[in-house]
Amino acid sequence: MNKVILVGRLTRDPEIRAAGTTTVAKFSLAVDRRFKREGEPDADFFNCTAFGKQAEFVERYLRRGIKMVVVGRIQNDNYTNREGQKVYSVQIIVDELEFAESKNAQSGMDYAQPASGFQQNNDFNTQAMGRPQPSQAVADDFMSIPDSVDELPFGTN
């Protein structure tokens with residue numbers, strides 16, 4: 001079985017590109033180490049790649065600093081460079097994505113530059129993304145979603 005679950009923050013805005021008829025999103029996730037030892041790094045950095053609908057989600061909603069839960073699989077990206085040396089690397093192929101904190105927890109962070117695909121919506125303004133505004137806020141960082149919303153930006157399993 002090849003399955004990995006990571007919780008961490010994006011280290012930079014995602015890179016989005018088209019590969020034929022599908023969208024590809026690449027981003028790096030910084031994951032804090034559970035046990036920290038003197039002289040060792042406090043976090044590990046994982047390169048993640050999402051395809052299709054997941055990549056479109058990444059393009060629309062993710063940017064540097066956002067804390068995410070990533071579920072996927074590990075894939076080797078080994079190749080021989082121009083000098084004939086074998087280069088070993090690993091990437092995470094994303095199967096599932098979830099936000100790991102509320103919008104209000106994220107709002108305290110500095111997002112000076114919007115990510116590609118964002119339209120002046122540094123606080124995830126749903127109206128700027130073509131989504132209807134929630135009818136009213138409810139306590140505990142949840143908001144009421146109108147019945148007319150056909151698609152939510154996260155899974156409802």
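Here the residue numbering is sequential within each chain, running from 1 through the sequence in written order. Side-chain atom pairs in this predicted model are given and counted only at pLDDT of 80 or more, local residue features only at pLDDT of at least 70, and totals for whole chains, interfaces and linings cover all residues. Remark: hydrogens and water are excluded; side-chain values derive from all non-hydrogen atoms of the structure.

Caption draft 1: Structural context of the overall build of the protein. Counting from the N terminus, the helices are the DSSP runs of H or I reaching at least four residues and the strands are the DSSP runs of E reaching at least two. Looking only at helices and strands, the protein features two helices and eight strands. In the protein, the succession of helices and strands from N to C terminus is β-β-β-β-α-β-β-β-β-α. Exposure categories follow from relative accessible area, calculated using a 1.4 Å probe and restricted to protein chains: below 20% of the type maximum is buried, above 50% is exposed, and the middle band is partly exposed. Taking all 157 residues of the protein together, the buried fraction comes to 29%. We call two residues in contact whenever any of their non-hydrogen atoms come within 4.5 Å of each other. For the protein, restricting intrachain contacts to residue pairs at least 6 apart in sequence, the fraction spanning at least 24 positions comes to 55%. In the form shown here, the protein has an accessible surface area of approximately 10700 Å², with 46% of it arising from carbon and sulfur atoms. Working definition of accessibility: Shrake-Rupley area with a 1.4 Å probe, residue cover restricted to the visible protein chains.

Caption draft 2: Structural view of the pairing of strand 2 (residues 15-19). Judged from the five bridges that link them, strand 2 and strand 3 (residues 22-32) form a sheet pairing that is antiparallel. Counterpart to A18 in the pairing with strand 3 is T23. Between the end of strand 2 and the start of strand 3, which pair antiparallel, lie two residues, with G20 showing a positive phi angle near 70 degrees. Two strands are said to pair when DSSP picks up at least two bridges between them.

Caption draft 3: Structural context of the confidence of the model for the protein. The predictor's confidence in any single residue is recorded as pLDDT, a number from 0 to 100. Per-residue pLDDT for the protein has a mean of 78; in total, 66% of the residues score no lower than 70. For residues 110-139, every residue scores under 50 in pLDDT, and the model assigns this stretch 60 contacts once sequence neighbours within four places are set aside.

Caption draft 4: View of the pattern of salt bridges. Only one rule defines a salt bridge in this text: a Lys or Arg side-chain nitrogen within 4 Å of an Asp or Glu carboxyl oxygen. Tallied over the full model, the rule gives five salt bridges. A salt bridge links R12 to E15; the nearest nitrogen and oxygen atoms lie 3.7 Å apart.

Caption draft 5: Quick peek at the packing of aromatic side chains. Each pair of aromatic rings taken from Phe, Tyr and Trp, with Trp reduced to its six-membered ring, is defined by centres within 6.5 Å and is described as stacked if the planes are under 30 degrees apart, edge-to-face if over 60, and tilted in the remaining cases. As enumerated under the stated definition, the model contains two aromatic pairs in all. Summarising the aromatic geometry, the rings of F57 and Y61 are spaced 5.1 Å apart at their centres and angled 45 degrees between planes, so their arrangement reads as tilted. Of the two residues, F57 and Y61 both sit in helix 1 (residues 52-61), four residues apart, roughly one turn of that helix. Of the two residues, F57 and Y61, neither departs from the other in class, the shared state being buried.

Caption draft 6: Structural context of the nonpolar core. Buried residues of nine kinds, namely Ala, Val, Leu, Ile, Met, Phe, Trp, Tyr and Cys, make up a nonpolar core once their side-chain atoms join them within 4.5 Å. By size, the foremost hydrophobic cluster in this structure holds 20 residues, and its most contacted members are F27, L29, L62, M68, V70 and L97. For this core, the secondary-structure elements that each account for two or more residues are strand 1 (4-10), strand 3, strand 4 (43-51), helix 1, strand 5 (67-76) and strand 8 (90-99). Filtering out sequence-adjacent residues up to four positions away, M68 remains in contact with L6, V7, G8, L10, F57, L62, L97, E98, F99 and A100.

Caption draft 7: View of the side chain of T23. Turning to its location among the elements, T23 is positioned in strand 3. The exposure class assigned to T23 is buried, which follows from its relative accessible area of 17%. Residue contacts for T23: discarding those within four places in its chain leaves I16, R17, A50, F51, G52, A55 and E56.

Caption draft 8: Structural context of the side chain of Q91. Turning to its location among the elements, Q91 is positioned in strand 8. The class of Q91 is buried, set by a relative accessible area of 8%. Throughout this description, a polar contact denotes any pair of N or O atoms lying within 3.5 Å of each other; where both atoms belong to protein, one of them has to be capable of donating a hydrogen while the other can accept it, and for residues adjacent in sequence the pair is counted only when both atoms sit in side chains. Here D77 takes part through its side chain, which lies 2.9 Å from a polar atom of the side chain of Q91. Not counting residues up to four positions away in its chain, the partners in contact with Q91 are K26, N47, T49, R73, I74, Q75 and D77.

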